[in-house]
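Fold and geometry: a report
Chain residues, written in single-letter form:
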Amino acid sequence: MERINKESIAELLLEKSARGGLHVSDIAANLVNRLSDGLFFESPPLNKDAVQEKVNRILNNESKKAAGDFVHVKNPKTGKPQKGVYRLKRKKNEGESIKVDPLEPSPPEPAPDKLDRPENTNLFVGKAGECAVMSELLFQGYNVNSMLVDDGVDIVASKNNMFYYLQVKTTVVDDKNRIYATIRQKKFNDYIGTQIRYVVVARCRVNKVDTNLYFVFDNRKIQELVFGKKINSNQDRIYIKIEIDPKDNKPYIYDEKRECIAFYMNNFDL
C-alpha cells in the first residue's frame, strides 16, 4: 500500500485518457491493475476497497489545499463539483502542476494483442521473468545462478572470469504499448560502483505469439538518464517508462525528455 500515494495517482491522471478526470473507483481499479503486475508485485495482493479508501483520502485532503495538485471536476451544467471525480490541477500560465509526458502516441501497427492473463498469477510472474533472463544468458554463454535470498540481486552471471549481478523487473506491455518499471533508490545506491545490470522483462504478444522484450541497463546508464531527465526519480524510487513509438516501432525511454533505447533492447552483452 505504500505505493498508493500522490505520485502514483498523479502519474495515472497524466494519461491522455484521464486528463479530464476520473472517479476514485476507476483510479483505484487502475492502480490495483498496474501495481499488481509482476514488477510492482505486492504481497499480500492489493485490495481494491482498501486502495479506493486510501485514494479517496489522499484526493480529498489534497483538493482542500491551496497548493494541492488535485481538484474536483465540475459538472459543466451545474458548475458544482462531481462527487468522487478528480483531475490534476491546472495553474494559471503554467499548464498543469505536474509536467505532462511529451508524447501521447497511438498504438503501433500492428499493435501487440493485449494479454489475457488468468487471475492470481502474480506469484509466478517475477520468477518467470528471472528464468527467462537466465535462459537468454545461457544461450549467450554465461554461467548463471539464481539467488536464494532477494537482497537487490536476483541472478549472478559469469563469463570469461567476469561476474555480474542482475536485478530483474518483470511486467507486460500495456494496451498503449507502454512499459513501466521501478527500482528502489536505496538498493540502487547500495550497488553503485559494482557490476550490476538491471533487466526489464516486458511480456507481450506479437502476431498471436507470446514473447518477451528485454531491456538491459547498467547503473551508470540509469544515472545518465536520470540526469538527462529521461527517467524520473525521488528519494524512494526510480521510475522507468518505455514506449514503442508508432512512427518507427522503436523503444524510447521518456520522462521530461526521451531517448531511443533500441541499442539496449535484447542486448545481453553485459
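Residues numbered from 1 in each chain as written. Predicted model: local features only at pLDDT ≥ 70, side-chain atom pairs only at ≥ 80, totals over all residues. Heavy atoms only, no water.

**Some words on the nonpolar core**
- F215, I222, I240 and I253 are the most contacted members of the largest nonpolar core, which has 25 residues in total.
- When residues of this core are traced back to their parent elements, those giving at least two are β9 (178-184), β10 (196-206), β11 (209-218), α6 (219-227) and β13 (237-244).
- With 5 residues, β10 is the largest single contributor of residues to this core.
- Core analysis: the next-biggest nonpolar cluster, separate from the first, contains 21 residues, L31, V55, Y86 and L88 among them. (Core = buried A, V, L, I, M, F, W, Y, C linked by side-chain atoms within 4.5 Å. Buried < 20%, exposed > 50% of the residue type's maximum accessible area, 1.4 Å probe, protein only. Helix = DSSP H or I, 4+ residues; strand = E, 2+ residues; numbered from the N terminus.)

**Describing the sheet that holds strand β1 (residues 22-23)**
- The strand order across the open sheet built from 3 strands is β1-β3-β2, with neighbouring strands paired in antiparallel fashion. Two strands bound the open sheet, and with one partner strand each, they are β1 and β2 (70-74).
- In this sheet, strand β3 (residues 81-88) lies alongside β2 in antiparallel orientation, the contact comprising 4 bridges. Its bridge partner lying in β3, H72 is registered against Y86.
- Contacting β2 and β3, helix α3 (residues 48-63) runs over the sheet at an angle of about 90° to β2. (Pairing = 2+ DSSP bridges. Contact = heavy atoms within 4.5 Å. Axes fitted to C-alpha atoms, helices over the stretch in contact; angles between N-to-C directions.)

**Concerning the pairing of β10**
- Burial within β10 is extensive, with 9 of its 11 residues counted as buried.
- When strand β8 (residues 162-172) meets β10, the two strands line up parallel, connected through 8 bridges. Paired with K169 across the two strands is V200, which belongs to β10.
- Pairing of β10 with β11, which is carried by 10 bridges, proceeds in the antiparallel orientation. Residue V206 lies in a different strand from β11, and its bridge partner there is V209.
- Hairpin connection between β10 and β11: a loop of 2 residues separates the two successive antiparallel strands, and N207 in this loop has a positive phi of roughly 55°.

**Some details on unusual backbone geometry**
- The backbone of N160 shows a phi angle near 55°, a positive value even though the residue is not glycine.
- With respect to the helices, strands and loops of the structure, N160 is situated in the loop between β7 (155-159) and β8.

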